[in-house]
Amino acid sequence: MRPTLPVVGTAVAALVLAAVPAVAAPSTDALISEVYGGGGNSGATLTNDFVELANKGTTPVSVDGFSVQYISASPGASTQWGVTPLTGSIAPGKTYLVAEAKGTGGTVALPTPDATGTIAMSATGGTIALVNGTTPLTCKTAADCAADSRIKDLVGFGTAVVREGAATAALTNTTSASRKAGLPDTDDNSADFTTGAPSPVNSKGETTPGGGDPDPDPEDPTPGDKRIRDVQGVTRTSPLVGQKVTNVPGVVTGTRATGDRGFWIQDTAPDNDPRTSEGVFVYTGGTAPTVAVGDSVVVSGTIAEYRPGGETGSNQTLTEITTPTTITVSKGNPVPAPVVVKNIPAGYLPAPGGSIEQLPLEPEKYGLDYFESLEGTLVQVDDARVVGPSNAFGEVWVTVNPDQNKNLRGGTTYTSYDQQNSGRLKIKTAGTLPAANVGDVFAGATVGAIEYTNFGGYTLAALTLGRHASSNLQREITAQQKESELSVATYNVENLDPSDPQEKFDRLADGVTTNLRSPDVVVLEEIQDNNGATNDGVVAADQTLQKFSDTIFDKGGPRYQWRQIDPENLKDGGEPGGNIRVGFFFNPQRVSFVDRPGGDFSTPVQVVKKNGRAALSVSPGRIDPLNDAWASSRKPLAGEFKFRGRTVFVVANHFNSKGGDEAIHGRFQPPNRTSEVQRAKQAASLKTFTEQIRAIDKGANVVLAGDLNDYQFSPALKTLTGDGNLKALIDTLPANERYSYVFEGNSQTLDHLVMSKNITRFSYDVVHINAEFADQASDHDPQIVRARPSTGDANVDKVVFAIEDILDCLKK
């Protein structure tokens, strides 16, 4: 079965089928493509009758509320239409399989149907209608059915009285009626259909063993009138989508026997149009390919556009030949030399403000247009540098533009919305992939075919992999803080709960004690409740925090105390049942926590005045927890700390995720970043709180820390820092060093430390220990600031800081 995985993208509403007269208006989208009534009969191979629908249009077609209906060839007064209700939708260029009654004979089951009914169709004659509704039709003549506006399409076969024009030829136990290549609908069944061996195909492109185009002669190797370049066309989707092609010639350049099974073929006589690819993938469904590299073949089948992740997602598509019939003409032929891919255009994709699928490709201008122009083609990447670590799915990200936004550790940094880094390319191999970190190199040639896949877009399906050469990337250790400095770190510990392996706790604890050098305050994100993802109403996380604290102590770190507030069950998002939350670890030998009772999951913390300075009404306390901005998201947690007699307000944050955003490499450009709306509201809520502090005490020390799930150039960060009262510390680093996370080969910023502007003495560090490595304790890198909190008076600060500097020097 071909898996369809969820995608980060905005759903596209399926086009609802229009209710048009059955014979008055030829369909431009959904119609009946094949009917077969001999299933399970004597001599039949298939065990079931079936009806196959197809979508010849360019947008998904919903069939929710529709039905397939059947009536016998010569209905009498008491004859009723049989009804099979439908659900779901039909993707452009795809089919939809309706299984009907099962007979006692036959040996081969249908591919998994998209809908199932119990109608026992005649093997020789009858009528099938595609109907807008599930109420049985009442018409019993061609004229009456033509007048019924509920009928979307209708096919009469054999001696059927109800038909469009003339009925198709009579069928048998071993033949079906299939709509001809191009899915014509002239409202004449005899002209639109041909009879042949049944070839059912479901929405996933799966067919029965041996199924395929009944039209080509399986013994005739003569190339047909279409070449691969005709199949691919000059846009992202094939001009022949939904049509059957016969004997497309090519040489097999690679095969794949697992996952999306099939093989690649390539034309040995390319044209001069740089927009048209000369390679294509032949999808064999559940059957491993039987051809070999170097085989000269001709392939017949149906052209389809497969959209990884589902038809309503934002991903682009992969052009394929499906339900193939393949004839091997000769073996041992030379394979076309791979196209060497390097330093492709820096432009990413055109941005017309909508779909790019029908735009002519501009491979000389846009990097991803260049990749699309090579879809299915054998390519070669030399000395590929890793920019995204390998994962458990046999994937690794490399760059073909080595100098594009390169950072010091070998990655590629995402510096703005219009710097998407066109040179990033996912490599996926069916074999063993060495553990590879950012900066490593696959030396020599990596060769394979270009395709488009879920979770990353353009992919090199590697047939041979270059030699892995390690860059010896080291995990960073931050500088030692001075006695007079308050150190505050933020660390997303990725769904930590007590059932996690002790190795994870050990790794995370090493990160705190060794790499972060035991900060005074650690803001934690993604602490789960005591039984993790078990969804049983438990919300307490004391066991999680205790185990983590104990492990840090065992590693030589301080005996951290913690503060947090249990969330309301299932209200803060994250893994269902996990009840993730934010919290504070703090070292009581270095900093004290000001406890004020009354904080719970629904009580908002207030800023109050005490002795002329700002203070919290409850500590810890949640900020604005009933605001819709925080729906299904973690609420910020404010805590009041004392360091050397100075008050410091620390806020732990974990904004809503980017789930639901359209893919950066997807068909809609520019992509819709719908999740930004909620984060902008969250930032506004948080900003209001910090301004309430500032209204009472302009000299207050405020540190906002955590996973804000957004970039330094995002609207959310601009909301926080736009007036200059707060500063994002990531902006103090060189542009190419601003990252804490690696996603699809882009080194990017999600985690932040944001401080009030009156804290002027500080040093800041993103400590790279996870995101660039195949072996990770978390998918986020922690970061830390070592700062001198202000006394609230700049002149007093000068004196105090001078004294502290002297004392720090004396202690060296």
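Note: the structure precedes this text.
Just so it is clear, the structure is predicted and the values come from calculations on it, not from any experiment. Here the residue index of a chain counts from 1 through its sequence in written order. Under the rules for a predicted model, residues below a pLDDT of 70 receive no local features and side-chain atom pairs below 80 are neither given nor counted, while totals for whole chains, interfaces and linings still include all residues. The basis for the side-chain values is all heavy atoms of the structure; hydrogens and waters are excluded.

Side note on the sheet that holds strand β6 (residues 82-85)
To keep things clear, this is the line we draw: Two strands make a pair as long as DSSP finds a minimum of two bridges between them. Numbering of helices and strands runs from the N terminus; a helix is a DSSP stretch of H or I covering at least four residues, while a strand is a stretch of E covering at least two. Lines are fitted to the C-alpha atoms to define the axes, a helix being fitted only along its stretch in contact, and any angle between axes, read from their N-to-C directions, falls within 0 to 180 degrees.
Strand order in the open sheet formed by four strands is β6-β5-β10-β11, with antiparallel pairing between adjacent strands. The open sheet has two edge strands with one neighbour each: β6 and β11 (151-157). On average, adjacent strands in this sheet sit at an angle of 15° to one another, irrespective of strand direction. As defined by bridge partners, strand β5 (residues 67-72) adjoins β6 across four bridges and the pair is classed as antiparallel. Counted as the bridge partner of Tyr70 is Gly82 from β6.

Here we look at the packing of aromatic side chains
Convention followed: Planes of paired rings set the category: under 30 degrees apart is stacked, over 60 is edge-to-face and the rest tilted, where pairs are Phe, Tyr or Trp rings (Trp by its six-membered ring) whose centres lie within 6.5 Å. With a 1.4 Å probe rolled over the protein chains alone, any residue whose accessible area is under 20% of its type maximum counts as buried; one over 50% counts as exposed, and the rest are partly exposed. Remark: a charge is flagged as sitting over a ring if the NZ atom of Lys or the CZ atom of Arg is within 6 Å of the ring centre and within 35 degrees of the ring normal.
In the structure shown here, the tally under the stated rule is 20 aromatic pairs. Taking 6.0 Å as the distance between ring centres and 80° as the angle between the ring planes, the aromatic pair formed by Phe586 and Phe641 counts as edge-to-face. In this pair, Phe586 is assigned in strand β30 (residues 581-586) and Phe641 in strand β35 (residues 637-643), connecting sequence segments 55 residues apart. On the accessibility criterion, Phe586 (2% relative accessible area) is buried. Its relative accessible area of 2% is what places Phe641 among the buried residues. Of the aromatic side chains, those joined through ring pairs into one cluster are Phe505, Phe548, Tyr560, Trp562 and Phe585. One Lys or Arg, Lys658, reaches over the ring of Tyr711 and ends 4.1 Å from the middle of that ring. For the cation-ring pair, Arg673 lies above Tyr417, with the distance from its terminal atom to the ring centre recorded as 3.7 Å.

Quick word on the pairing of β5
In terms of burial, β5 is a largely internal element, five of the six residues being buried. When β5 meets strand β10 (residues 126-131), the two strands line up antiparallel, connected through six bridges. Among the inter-strand pairings, Val68 is bridged to a residue of β10, identified as Leu130.

What about the state of the cysteines?
Rule in force here: Disulfides are defined as pairs of cysteine sulfur atoms found within 2.5 Å of each other.
On inspection of all chains with the given rule, the structure shows one disulfide. What pairs with Cys139 in a disulfide is Cys145, and their sulfur atoms sit 2.1 Å apart. The S-S bond linking Cys139 to Cys145 shows a torsion near 95°; that makes this disulfide right-handed.

Looking at empty space enclosed by the protein
Keep this limit in mind: In the cavity and pocket records, a cavity denotes points on a 1 Å grid over the protein atoms alone where a 1.4 Å probe fits but cannot get out, a pocket denotes an open set with protein on both sides within 12 Å along at least 5 of 7 lines, and lining residues are residues with an atom within 4 Å of a point. Grid points are joined across faces, edges and corners, and a volume is the space filled by probe spheres set on the points.
Scanning all chains against the criterion turns up six cavities of 30 Å³ or more. Of the voids in this model, the largest cavity is the one considered here, and its volume is about 230 Å³. Considering the residues around the largest cavity, the lining is formed by 22 residues, among which Glu52, Thr95, Val201, Lys244 and Thr302 are closest to the centre. Contributions of two or more residues to the lining of the largest cavity are made by β2 (30-36), β3 (48-55), β17 (296-306) and β18 (318-330).

Re helix α5 (residues 502-515)
Spelled out, the test is: Expected span of a helix: the number of residues minus one, times 1.5 Å. Contact criterion: two residues are considered in contact whenever any of their non-hydrogen atoms come within 4.5 Å of each other.
For α5, built from 14 residues, the straight-helix expectation of 20 Å at 1.5 Å per residue is met to within 8% by its first-to-last C-alpha distance of 19 Å. Taken together, the buried positions of α5 are occupied by Lys504, Phe505, Leu508, Ala509, Gly511, Val512, Thr513 and Asn515. Residues of α5 that are buried sit in contact with β27 (486-496) and α6 (542-554).

Comments concerning the pairing of β30
Of all six residues that make up β30, six are buried, and the element is covered over most of its length. Where strand β28 (residues 521-527) lies against β30, five bridges are found, and the strand directions are antiparallel. By the bridge assignment for β30, Val523 is matched with Phe584. Relative to β30, strand β29 (residues 561-563) is paired through three bridges, and the arrangement is antiparallel. By the bridge assignment for β30, Trp562 is matched with Phe585.

Focus on the environment of Gly294
Mapped onto the secondary structure, Gly294 falls in the loop between β16 (279-285) and β17. Taking the C-alpha atoms as reference, Gly294 lies 5.9 Å from Lys331; in sequence the two are 37 residues apart. Setting aside its immediate chain neighbours within four residues, Gly294 contacts Val251, Val252, Ser330, Lys331, Gly332, Asn333 and Val335.

Thoughts on the nonpolar core
Under the convention used in this document: Take the buried Ala, Val, Leu, Ile, Met, Phe, Trp, Tyr and Cys residues and link them wherever side-chain atoms come within 4.5 Å; each set so joined is a nonpolar core.
Within the largest apolar cluster, 54 residues are counted, with the highest numbers of intra-cluster contacts made by Phe584, Phe641, Val650, Phe689, Ile693, Val703 and Leu704. Ranked by residue count, the leading element in this core is strand β36 (residues 646-654), at five residues. In this structure, Val703 is in contact with Val488, Val648, Phe649, Val650, Val651, Leu753, Val754, Met755 and Ile759, ignoring residues within four places of it in sequence. In terms of nonpolar packing, the next biggest core, distinct from the first, is built from 32 residues, Leu374, Val400, Leu433 and Tyr458 among them.

Thoughts on the pattern of salt bridges
Let me state the cut-off plainly: Basic side-chain nitrogens of Lys or Arg form a salt bridge, by our definition, when they fall within 4 Å of a carboxyl oxygen of Asp or Glu.
The full count for this structure, using the stated rule, is 44 salt bridges. Where Asp595 meets Arg563, a salt bridge forms, and the shortest distance between an N and an O atom there is 2.7 Å. Of the two residues, Asp595 is situated in the loop between β31 (592-593) and β32 (607-610) and Arg563 in strand β29; the sequence distance between them amounts to 32 residues. The partner of Arg788 in a salt bridge is Glu804, and the shortest N-O contact between them spans 3.4 Å. Of this pair, Arg788 sits in the loop between β44 (783-787) and α9 (794-810) while Glu804 sits in helix α9, and the two are 16 residues apart along the sequence. Owing to a relative accessible area of 5%, Glu804 belongs among the buried residues under this scheme. Through salt bridges with shared partners, one network takes in Arg644, Arg646, Arg761, Arg788, Glu804, Asp805 and Asp808.

Focus on the sheet that holds β30
Pairing is mixed in the open sheet, where six strands are placed in the order β29-β30-β28-β27-β44-β43. The open sheet has two free edges, formed respectively by β29 and β43 (762-766), since each of these has just one partner strand. Between one strand and the next, the sheet's axes are offset by a mean angle of 20°, whatever the strand orientation. As paired elements, β27 and β44 share five bridges and run antiparallel to each other. In the strand pairing of β44, Leu486 is matched with Ala787.

That is the geometry; function is a separate question.
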